[in-house]
Each structure stands twice: as C-alpha cells, then as structure tokens.
Amino acid sequence: MRIGELAARSGVSVRALRYYEEQGLLKANRSGSGQRRYPESAVDRVHLIQMLYAAGLSSRTIAELLPCVEAKVSTPESRARLFAERDRIDAQIAGLTRTRDRLDAVIASTGSPASGCTYVVDRDVATQASRPATSPGSMSAR
C-alpha cells in the first residue's frame with residue numbers, strides 16, 4: 001500500500017510516517033519511481049509505535065525495543081529496559097497524582113466563605129469587577 005493509504009488506515013499523518021521511517025521505526029520498499037510501498041503488516045506496526053509513543057517512550061527507545069517486541073524475543077536487556085520505562089511511567093503517575101491531590105485541596109479550600117476568596121458565578125461579572133470604577137461623566141475605552 002502507498003503512504004497515503006497507510007496514513008488513512010492507521011490514523012497517522014503522512015508526515016509522521018515519514019518521521020518513523022527516518023527514525024528507523026518503519027521500513028518501506030520503493031517502487032521504480034521512488035514511491036513508498038508498505039506491507040499490510042505496517043498498519044499494526046504503526047499502531048504499536050503509536051502505543052509506545054503514548055506510553056512516553058522516545059523514538060530511540062522504541063527503535064531499540066521494536067525488534068524484540070516484533071520477534072517476540074525477550075532478552076534480559078530488553079526486559080530491563082521495559083521495566084525501567086514502566087518505573088519511569090509509574091513515577092510520572094505518582095507525581096501527577098500528588099499534583100491532582102494538591103489541586104483538589106486548593107479547590108476545596110476556596111469553595112468555602114471562610115477562605116477569603118470571592119466566588120464569581122458569571123464571567124462578565126468577574127470582568128466588570130476587575131475594571132477600575134469610572135465616574136458617571138467620564139468615558140472609558142473598552
């Protein structure tokens with residue numbers, strides 16, 4: 001299949017597919033006129049690449065791991081790398097959870113009258129409240 005069809009079937013832009021090829025993540029055969037041609041299996045490979053990117057892996061890490069993943073061969077090195085990536089993601093999740101919990105505490109503390117915060121229901125009211133007062137005879141540029 002040609003690059004446009006692979007892009008449509010995998011939901012990835014043509015630009016991204018070219019990038020994957022530059023990074024050694026995806027290989028294309030070339031026709032006599034130089035057009036890229038991909039096998040049917042390229043759709044699954046692109047989905048796998050996308051999944052690994054979504055997990056936060058870099059293109060370098062993906063390039064190192066893809067041969068093992070595709071060949072279904074596990075080496076001590078590849079497993080150690082996968083565990084390290086999982087640990088990194090777990091640390092990110094823990095950090096995001098702490099940040100969310102702090103944000104929840106701020107939300108809870110600003111929701112009561114005792115917090116000293118003024119609760120504004122309408123955006124227009126908030127905008128008017130933040131403008132300086134003008135005297136009745138003066139005109140302000142808005």
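Residues numbered from 1 in each chain as written. Predicted model: local features only at pLDDT ≥ 70, side-chain atom pairs only at ≥ 80, totals over all residues. Heavy atoms only, no water.

Asker: Residue-level account of unusual backbone geometry, with values.
Answerer: Its identity as a non-glycine residue notwithstanding, K72 has a phi of 55°, on the positive side. Looking at the secondary structure, you find K72 in the loop between α4 (59-71) and α5 (76-110). (Helix = DSSP H or I, 4+ residues; strand = E, 2+ residues; numbered from the N terminus.)

Asker: Which residues make up the nonpolar core, and what values go with them?
Answerer: Ranked by size, the top nonpolar core spans 22 residues in total, and within it L6, L17, Y20, L26, Y38, V46 and L66 carry the most contacts. Elements with a contribution of two residues or more to this core: α1 (3-10), α2 (14-22), α3 (41-54) and α4. A per-element tally of this core places α3 first, with 6 residues. Setting aside residues up to four positions removed in sequence, L66 forms contacts with L25, R45, L48, I49 and L52. (Core = buried A, V, L, I, M, F, W, Y, C linked by side-chain atoms within 4.5 Å. Buried < 20%, exposed > 50% of the residue type's maximum accessible area, 1.4 Å probe, protein only. Contact = heavy atoms within 4.5 Å.)

Asker: Quick rundown of the packing of α2 against α3? Include the residues and the values.
Answerer: Orientation of α2 relative to α3, taken along the N-to-C sense of each, is 85°, at an axis distance of 12 Å. As summarised for this structure, α2 and α3 are arranged roughly perpendicular, according to the angle between their axes. Contact with α2, carried on its side by L17, Y19 and Y20, involves V46, I49, Q50 and Y53 of α3 and no other residues of that element. Looking at the contact of α2 with α3 residue by residue, the classes come out as 6 nonpolar, 1 polar and no charged. (Axes fitted to C-alpha atoms, helices over the stretch in contact; angles between N-to-C directions. Parallel < 35°, antiparallel > 145°, perpendicular 65-115°, else oblique. Nonpolar A, V, L, I, M, F, W, Y, C, P; charged D, E, K, R; others polar.)

Asker: Outline the pattern of salt bridges, supporting the account with residue identities and numerical values.
Answerer: Taken as a whole and judged by the stated rule, the model has 9 salt bridges. Between R9 and E40 there is a salt bridge; the shortest N-O distance is 2.9 Å. Separated by 31 residues along the polypeptide, R9 in helix α1 and E40 in the loop between β2 (36-37) and α3 bring together distant segments of the chain. Owing to a relative accessible area of 52%, E40 belongs among the exposed residues under this scheme. Note that D87 is salt-bridged to R86, the shortest N-O span being 3.9 Å. Overall, R86 belongs to the partly exposed group, its relative accessible area being 43%. Because the salt bridges share partners, they merge into one network encompassing E64, R81, E85 and R88. (Salt bridge = Lys/Arg side-chain N within 4 Å of Asp/Glu carboxyl O.)

Asker: Go over the packing of α3 against α4, please, and point to the residues and values.
Answerer: Two elements in contact, α3 and α4, have axes separated by 11 Å at closest approach and are oriented at 130°. Comparing the axis directions of α3 and α4 gives the class oblique. Here α3 and α4 pass one another in a crossing that is right-handed. Contacts from R45, L48, I49, L52 and Y53 in α3 reach S59, I62, L66, V69 and E70 in α4. Here the residues of the contact of α3 with α4 are counted per class, giving 7 nonpolar, 1 polar and 2 charged. (Left-handed = near helix turned anticlockwise from the far one by under 90°.)

Asker: Residue-level account of the side chain of T61, with values.
Answerer: Mapped onto the secondary structure, T61 falls in helix α4. Looking at T61, the relative accessible area reads 3%, which means it is buried. Polar contacts involving the side chain of T61 include one to the side chain of R81, which spans 2.6 Å. Among residues more than four places away in sequence, those in contact with T61 are R81 and E85. (Polar contact = N/O pair within 3.5 Å; in protein donor to acceptor, adjacent residues only side chain to side chain.)

Asker: If you had to explain a nonpolar patch on the surface to someone new, which residues and values would you point to?
Answerer: A grouping of L103, V106 and I107 is seen on the molecular surface, where their side chains present a nonpolar patch of about 280 Å² in accessible area. Position of L103 among the secondary structure elements: in helix α5. (Patch = residues over 30% accessible without salt bridge, like charges linked within 9 Å, V, L, I, M, F, W, Y side chains within 5 Å. Areas by Shrake-Rupley, 256 points an atom, 1.4 Å probe, with all protein chains shown as cover.)

Asker: Quick rundown of the packing of aromatic side chains? Include the residues and the values.
Answerer: Counted by the stated rule, this structure contains 2 aromatic pairs. The interplanar angle of 25° and the centroid separation of 5.8 Å between the aromatic rings of Y20 and Y53 together place this pair among those described as stacked. Here the residue Y20 occupies a position in helix α2, and Y53 occupies one in helix α3, the gap between them amounting to 33 residues. Look at Y20 and you get buried, because its relative accessible area is 4%. Given a relative accessible area of 25%, Y53 falls into the partly exposed group. (Phe/Tyr/Trp six-rings, centres within 6.5 Å; stacked < 30°, edge-to-face > 60°.)

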